[in-house]
Structure formats: C-alpha cells, structure tokens
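# Summary of the model geometry
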Amino acid sequence: LHLEKSLELFPNNNNAINNLARVYLDENELDSAFELFHGLILHSPDYELAIENMKLLGWKAFDEQNYKLAEKAAKSLLKTDDKEVAHLELMAAIKINQGQLANAIGYMEEILKSSPKNELIIQNLFLANKELGDTIQAKKYQQLLQALN
C-alpha cells in the first residue's frame, strides 16, 4: 500500500515502480510484476535492476511451466540485448520445453558464439540435432564435445 501511494505521488520514479513490481514477484503475482518490469525496461532500457528482476520473473514463470509468460519476459530481455547469454539461455530453455527444438537450436548457436566452450550448450545442441534427425550437425557437436574433453 505504501509503494502504491508513493507511485501516485511520483508516477515516474523507477525505484518505486521496481520495488512494487518486486513485491508482486515475491507474492507470485507474475502478470502484474511483468507489466511493471516491462514498462520500466521500455522506458529505461539501461535500468539494470529491472532487467535483473525480469530475469528472475522469467525463470520463475519457467519453473512454474508458465511458458507463455516466461517467453514474454525473455522477449523483453532480448530487446535490451539480443546477444546476452542469460537472455538467450532463458529463451532456449523455453523453446526446448515447448518442443520447438529448431528454434531452441538457433538460440543455443547464438550462445555458442560468445561462449564457444560451453559444454552444456554443446551437449544440448548435439541432443537437439540428434532428436531432429540432423546427423551431420549432431556429429559436429559430438566431435566438439570430444575435443573439449
């Protein structure tokens, strides 16, 4: 209630908005938290605290198998930095759990560009390509894994 009153008095106060969104996140009111974090990120794309909290929200929604909200969070994060590994990892995990392996591969390959020795990503690329029947790509990632070990 105190934070809501603060927002009435200072509607453009990023810290107050972030704090209220964090309360919503902590109370598992994820949709309300998303709306506030998303607005903050749109208004202030360099506001790191909102970005960090949006990541928490994305993973919390993912853990609760609310992939639609997790994907909205990931898309919002990717708009701030489409090369950030943490944002790409969230989207790849969502796509894997939605059974969209071809899309997940794209995100994982993007991760590999900045983390070329990420064994977990390489292993997941091997498994995803194998699952999709792309034996050439699967073998490529299998060899890459063997070269790292």
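Provided above is the structure to which this section pertains.
Basis of the calculations
- Residue numbers here run from 1 along each chain, matching the order of that chain's written sequence.
- Residues qualify for local features only when their pLDDT is at least 70, as the model is predicted, and side-chain atom pairs are given and counted only at 80 or more; totals for whole chains, interfaces and linings, by contrast, use all residues.
- In computing side-chain values, all of the structure's heavy atoms are included and hydrogens and water are not.
- Lines fitted to the C-alpha atoms define the axes, with helices restricted to the stretch that makes contact. Angles between their N-to-C directions range from 0 to 180 degrees.
- The helix and strand labels rest on DSSP assignments: H or I over at least four residues marks a helix, E over at least two residues marks a strand, and numbering proceeds from the N terminus.
- Roughly parallel covers angles under 35 degrees, roughly antiparallel covers those over 145, roughly perpendicular covers 65 to 115, and oblique covers all other angles.
- In a left-handed crossing the near helix is turned counterclockwise from the far helix by less than a right angle, and in a right-handed crossing that turn is clockwise.
- Contacts between residues were defined by any pair of non-hydrogen atoms, one from each residue, lying within 4.5 Å.
- The nonpolar class holds Ala, Val, Leu, Ile, Met, Phe, Trp, Tyr, Cys and Pro. Asp, Glu, Lys and Arg form the charged class, and all remaining residues, Gly among them, are polar.
- The salt bridge criterion pairs a side-chain nitrogen of Lys or Arg with a carboxyl oxygen of Asp or Glu, the two atoms within 4 Å.
- Here the term buried applies to any residue with accessible area under 20% of the maximum for its type, exposed to any over 50%, and partly exposed to those in between, with areas from a 1.4 Å probe on protein chains only.
- The length a helix should cover is 1.5 Å for every residue beyond the first.

## Topic: the packing of helix 3 (residues 30–43) against helix 4 (residues 48–63)
Each packed pair of helices is defined by two parameters, the angle between the axes and the distance between the axes. The N-to-C vectors of helix 3 and helix 4 enclose an angle of 150 degrees; their axes lie 10 Å apart at closest approach. Overall, the two elements helix 3 and helix 4 adopt an arrangement that is roughly antiparallel. Of the two elements, helix 3 crosses helix 4, and the hand of that crossing is left-handed. Every residue of helix 4 that contacts helix 3 at Leu30, Ala33, Phe34, Phe37, His38, Leu40 and Ile41 is listed here: Ala50, Ile51, Asn53, Met54, Leu57, Lys60 and Ala61. Looking at the contact of helix 3 with helix 4 residue by residue, the classes come out as 11 nonpolar, 2 polar and 1 charged.

## Topic: the pattern of salt bridges
A pair can form between side chains of opposite charge whenever their charged atoms are brought close. Under the criterion given, the structure shown has 6 salt bridges. A salt bridge links Lys55 to Glu52; the nearest nitrogen and oxygen atoms lie 2.8 Å apart. Here Lys55 pairs with Glu52, and both are found in helix 4, just 3 residues apart, close to one helical turn. On the basis of relative accessible area, Lys55 is assigned to the buried category, the value being 16%. We note a salt bridge from Glu71 to Lys75, for which the minimum N-O separation is 3.6 Å.

## Brief notes about helix 3
An α-helical turn contains 3.6 residues, so a residue and the one three or four places further along point in the same direction. For helix 3, spanning 14 residues, the distance from its first C-alpha to its last is 20 Å, which sits close to the expected 20 Å at 1.5 Å a residue. Where helix 3 is buried, its residues touch helix 2 (14–26), helix 4 and helix 5 (67–80).

## Here's the deal with unusual backbone geometry
The backbone of Asn28 sits at a positive phi, close to 65 degrees, despite the residue not being glycine. Tracing the backbone shows Asn28 in the loop between helix 2 and helix 3. Take Asn28: its relative accessible area is 38%, and that puts it in the partly exposed class. For Gln65, which is not glycine, the phi torsion reads 60 degrees and is therefore positive. When you line up the elements, Gln65 lands in the loop between helix 4 and helix 5.

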